[in-house]
Amino acid sequence: MKSWDIFCQVIDNFGDIGVTWRLARQITTELHQPVRLFVDDLHTFHHICPQIDPLQDCQRLLGVDIVHWRPDSIVDPSDIVIEAFGCNLSESIISSMLARAQPPIWINLEYLSAEPWIEECHLLPSPQCHGPAKYFFFPGFTARTGGLLRERDLLAERDRFIIEEKAEFLTNLGVEPAPGSSLISLFTYENPQISSWLDTLVAGEASIQLLVPPGRIQADIEHWLGEDKLVLGACYSRGSVVIHPIPFLSQRDYDRLLWSCDLNFVRGEDSFVRAQWAGKPFLWHIYAQDDEAHLQKLSAFLQLYRQQLDAPSAKAMTQFWIDWNRRQDLSEGWTLFTRQRDSLESHAHVWCSKLSMQKSLVESLAEFIQN
Amino acid sequence: MKTAQDIKVNNVILIDGAPWIVQRAEYTKSGRNSAIMKMKLKNLLSGSTSETVYKFDDKMEQVILDQIDVTYSYKADDMYVFVDEEYNQYELSAEDIESVMPYIVDGMTDVCSAVFFEGKVISVDLPTTIVRQIDYTEASARGDTSGKVMKPARLANGTNVKVADFCEIGDWIEIDTRTGDYKSRAKAPA
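Residues numbered from 1 in each chain as written. Chains lettered and ligands numbered in written order. Predicted model: local features only at pLDDT ≥ 70, side-chain atom pairs only at ≥ 80, totals over all residues. Heavy atoms only, no water.

Caption draft 1: Highlighting the interface of chain A and chain B. Counting residues at the interface gives 32 residues for chain A, matched by 24 residues for chain B. Between chain A and chain B lies a buried interface of about 2300 Å² when both sides are counted; carbon and sulfur atoms form 52% of it. Sorting the residues of chain A by area buried against chain B places W117, P127 and C129 of chain A first, and these three jointly supply 24% of that buried surface. The interface formed by chain A and chain B includes 2 salt bridges. The shortest N-O distance in the salt bridge between E83 of chain A and K55 of chain B comes to 3.3 Å. Viewed at the interface, chain B and chain A are joined by 7 residue pairs in polar contact (both at pLDDT 80 or more). (Contact = heavy atoms within 4.5 Å. Buried area = accessible area lost by both parts, 1.4 Å probe. Salt bridge = Lys/Arg side-chain N within 4 Å of Asp/Glu carboxyl O. Polar contact = N/O pair within 3.5 Å; in protein donor to acceptor, adjacent residues only side chain to side chain.)

Next up, the structure:
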């Protein structure tokens, strides 16, 4: 039996800890191997997992040992060390790795990308001048990458939930779906152009219910509504649009939100992947870089995703995604996008099924370690 | 110590005490991913090659290897003997000089560079451009004089290269030793 250490430095938001927490849980529950998750920011962790006590240096939750990682932490490394998203391990940890009779397998887990070069770099060694063997592991969407995080029973659980628990879940959130209404979840970064989208929604005839957890888009919505602060549990109606502020959700409940909605607006990496497992149309608000390197990454995903999508749907999806990410007027893009909703919905389902045929990230990791 | 982003092609780095020459280095950056350097490395002791990847700020130990000018002298048993200006002899196996083997011919006068690591010669580099004679090639089929149409040719030691269609048996040609590509027709060495 191998033991694992996962190191996570929270840069900002919830993506880094979101991914590593899922990874830790999956290794524990699916590989039945002990995992320690070292996190430098337990307060952010507490947001997505309220059971975490930010004041505890060591705690155990769902079989995972969680350790507050400080710059001077002394660590006796496990058999496998995962350095998530290029967080740099201290010299002392690297020395401890070298001091082991059998140095650990050291893996640099990278951010997710659909760019073709990922396949060429996945699992390549990174021999250090003074350190144990290290390897780059790239999550991705093709068989030549490390795959995506996916719990073994995720899709079955999703299908069961939709039949048995969806209505109750929405009621508990304070949302009663109106007949014929579309439910849209909205969890993105800031975008002042959201006003052009909301104006278009209000001008349209379709009944829309927007479910908005606390997040960085909230201020733009408040500005559009002319409200000082969105009040949890309140409903804000404008024409055929109703905005429901909902609470910040745990990872499990956020999945359920995505499964309950007809369209999901997601951001970063973790919610981006989870939206794909929902099998519903979605919009990805990618994490922006100063040099606009993110647009290349966005295009690479679009290119892959729309390969088997009919031309009008591919065009509509591309325009709406690009307009959103470039913070351009959204009215035309949304009109085109909604015209292709049926096609986009069936494609989202096919895409999800196709991805689920590939090895999950944990299966890929386990295979690599074994070999 | 340097970082991976400072390392260039033909630099030599130390990994676990062994010298590795960088044969290719490509920088990649996208989105939130770390900027990375993808490198092809060759172990100067074993001759093995490896595709590798580094974070751009990974620390690397660069070494400057001693080099002296030598010329090829003769082959004895399985060893290739090079001599320097003071007639010191350096023996290398075919494996040590794998990359230059296709261009080793008796009587060659190229000034080569013998590379030393910890006092021992480990390899020999040829000049970037060398001149060799075509031993055999088919006659020009199309009468092309532009140099864009290529055809196979064989050097005296059996090495095959693609040459311009207008080249003939007995012609001397320039070859880029980094790529093995034909560069142009040349004058016979003095």
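Caption draft 2: Unusual backbone geometry, seen in detail. Residues and elements named next belong to chain A. Backbone geometry at F85 places phi at a positive 55 degrees, although glycine is not the residue there. Positionally, F85 belongs in the loop between β5 (80-84) and α3 (91-99). Even without glycine at this site, L123 takes up a positive phi of about 70 degrees. Residue placement: L123 occurs in the loop between α4 (117-121) and β7 (134-137). Residue classification places L123 among the partly exposed positions, given a relative accessible area of 30%. (Helix = DSSP H or I, 4+ residues; strand = E, 2+ residues; numbered from the N terminus. Buried < 20%, exposed > 50% of the residue type's maximum accessible area, 1.4 Å probe, protein only.)

Caption draft 3: Region of interest: the pattern of salt bridges. Residues and elements named next belong to chain A. Under the defined criterion, the tally for this structure stands at 28 salt bridges over all chains. A salt bridge links R274 to E151; its shortest N-O distance comes to 2.9 Å. Of this pair, R274 sits in helix α10 (residues 270-278) while E151 sits in the loop between β7 and α5 (154-164), and the two are 123 residues apart along the sequence. Like E151, R274 is buried. Taking the shortest distance from any N to any O, the salt bridge between R256 and E157 comes out at 4.0 Å. Of this pair, R256 sits in helix α9 (residues 251-260) while E157 is found in helix α5, placing the two residues 99 residues apart along the sequence. We classify E157 as partly exposed; its relative accessible area is 25%. Beyond isolated ion pairs, a larger network of salt bridges with shared partners links E157, R160, E164, E165, D253 and R256.

Caption draft 4: Region of the structure containing the side chain of S182 of chain A. Topologically, S182 of chain A is positioned in strand β8 (residues 182-186). Look past the residues within four positions of S182 of chain A in its chain and what remains in contact with it is S207, I208, Q209, D262 and R341 of chain A.

Caption draft 5: Geometry of the packing of α5 of chain A against α10 of chain A. Residues and elements named next belong to chain A. At their nearest, the axes of α5 and α10 sit 10 Å apart, and the two run at 65 degrees to each other. Together, L154, L155 and R158 of α5 and R274, W277 and A278 of α10 make up the contact between the two elements. Broken down by class, the residue content of the contact of α5 with α10 amounts to 4 nonpolar, no polar and 2 charged. (Axes fitted to C-alpha atoms, helices over the stretch in contact; angles between N-to-C directions. Nonpolar A, V, L, I, M, F, W, Y, C, P; charged D, E, K, R; others polar.)

Caption draft 6: Quick look at empty space enclosed by the protein. All names here are of chain A. Tallied over the entire structure, the rule returns 4 cavities of 30 Å³ or more. Reported here for the largest cavity is a volume of approximately 430 Å³. Taken together, 31 residues form the lining of the largest cavity, with F14, G15, R267, D270 and S271 sitting closest to its centre. Taken together, the elements giving at least two residues each to the lining of the largest cavity come down to α1 (15-31), α9 and α10. For the lining of the largest cavity, a count of residues per class yields 14 nonpolar, 8 polar and 9 charged. Here the second largest cavity defines a volume of roughly 90 Å³. Tallied by class, residues from the lining of the second largest cavity come to 8 nonpolar, 1 polar and 3 charged. (1 Å grid on protein atoms, 1.4 Å probe; cavity = no way out; pocket = protein on both sides within 12 Å on 5 of 7 lines; lining within 4 Å. Points joined across faces, edges and corners; volume = space filled by probe spheres on them.)

Caption draft 7: Geometry of the environment of H46 of chain A. Residues and elements named next belong to chain A. Inspection of the secondary structure assignment puts H46 in helix α2 (residues 42-48). A relative accessible area of 32% means that H46 is categorised as partly exposed. The spacing of H46 and F187 is 141 residues in sequence and 18 Å in space, taken between C-alpha atoms. A polar side-chain atom of H46 sits 3.3 Å from the main-chain carbonyl oxygen of P50.

Read these as layout, nothing more, since geometry by itself doesn't imply function.
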